[in-house]
Amino acid sequence: MRILVVGATGTIGAPLSDALEARGHEVLRAGSSGDGLTVDLADPESIGALYEATGSLDGVVCAAGVARFGALEDLDDEGFQESLDNKLMGQVNLVRRGLATVEEGGSFTLTSGGLSQTPAPGTVAVSMVGAAVEMFARAAALDLQGRFRVNVVSPGWVAESRVKAGLQPMPGIWAKDLAEYYVDLIEGDESGLVVNAEAAKS
Ligand SMILES: NC(=O)c1ccc[n+]([C@@H]2O[C@H](COP(=O)([O-])OP(=O)(O)OC[C@H]3O[C@@H](n4cnc5c(N)ncnc54)[C@H](OP(=O)(O)O)[C@@H]3O)[C@@H](O)[C@H]2O)c1
């Protein structure tokens, strides 16, 4: 399959792109900057330009999306708006704009996060947009039934990110183990699923 990975330079996206390539897929890697394919999820025109650059695809994966941490009374208008524009509408627009470029039978695989279902203090925008991404995918899958598949991976805290934050890697999920959840959804035939990925599959 010819698969676009948005966020392909990231903690989740890089090993996921490698895993897809190792399984024989052609992977088009996009980040927010650099010499390769670039896109700003918060800018719908930039998403359109990305699809013009890729040409026909069999699948799109989003392993990107910025949402702001902060408590309800600390987060300002800009913090909420950035979260809505980037992690939520960025992924929504990847699907909307991608329908003309992804071949029928293809898939979209989006990313939310464990906070979408189990919020914690100081995560109001992150939890809100993650939950919206999940419900978007479930509803969009109904509209696109039989033509395109839409699914979401909801990662727990990635072990590499925990280490970067100065914590023990566990309880976390290593990015290479997380990649298996994405690969299964991309290669499978299900749609409208939100898959919680908090530990290695086996
Ligand atoms: N890591 C975790 O523990 C964890 C847990 C649950 C959910 N998530 C979610 O998973 C997603 C990816 O997380 P991550 O930890 O892999 O992030 P990351 O390591 O910071 O990587 C982010 C990726 O997204 C790209 N990117 C940044 N801003 C962008 C924009 N405006 N438009 C398009 N691409 C952009 C980056 O490209 P450049 O390198 O070119 O800037 C990079 O490839 C995020 O939505 C995050 O909330 C992560």
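Further up the page is the structure itself.
None of the values given here were measured: they were computed from a predicted structure. (Residues numbered from 1 in each chain as written. Predicted model: local features only at pLDDT ≥ 70, side-chain atom pairs only at ≥ 80, totals over all residues. Heavy atoms only, no water.)

Caption draft 1: Quick peek at the environment of Val92. Mapped onto the fold, Val92 is located in helix H3 (residues 77-98). Sequence separation of Val92 and Ser112 is 20 residues, and the distance between their C-alpha atoms is 12 Å. (Helix = DSSP H or I, 4+ residues; strand = E, 2+ residues; numbered from the N terminus.)

Caption draft 2: Spotlight on the site of the ligand. In the region of the ligand, 25 residues are neighbours, and Thr9, Thr11, Ser32, Gly65 and Val158 sit closest. Gly65 places a polar main-chain atom, nitrogen or oxygen, 2.8 Å from an oxygen atom of the ligand. In this structure, an oxygen atom belonging to the ligand sits 2.8 Å away from a main-chain N or O atom of Val158. In the complex, 74% of the free accessible area of the ligand, which totals 910 Å², lies under the protein chains. In this structure, the ligand is accommodated by the largest pocket. A breakdown of the residues in the shell around the ligand according to their chemical character gives 9 nonpolar, 14 polar and 2 charged. (Near = heavy atom within 4 Å. Polar contact = N/O pair within 3.5 Å; in protein donor to acceptor, adjacent residues only side chain to side chain. Areas by Shrake-Rupley, 256 points an atom, 1.4 Å probe, with all protein chains shown as cover. 1 Å grid on protein atoms, 1.4 Å probe; cavity = no way out; pocket = protein on both sides within 12 Å on 5 of 7 lines; lining within 4 Å. Sits in = over half its atoms within 2 Å of the grid points. Nonpolar A, V, L, I, M, F, W, Y, C, P; charged D, E, K, R; others polar.)

Caption draft 3: Region of the structure containing the pairing of strand E1 (residues 2-6). The element E1 is largely enclosed, with a buried count of 4 among its 5 residues. Bridging between E1 and strand E2 (residues 26-31) involves 5 bridges; their strand directions are parallel. The residue bridging Ile3 from the neighbouring strand is Val27, located in E2. Handedness of the E1-helix H1 (residues 13-22)-E2 crossover: right-handed. (Buried < 20%, exposed > 50% of the residue type's maximum accessible area, 1.4 Å probe, protein only. Pairing = 2+ DSSP bridges. Right-handed = clockwise from strand over helix to strand, strands pointing away.)

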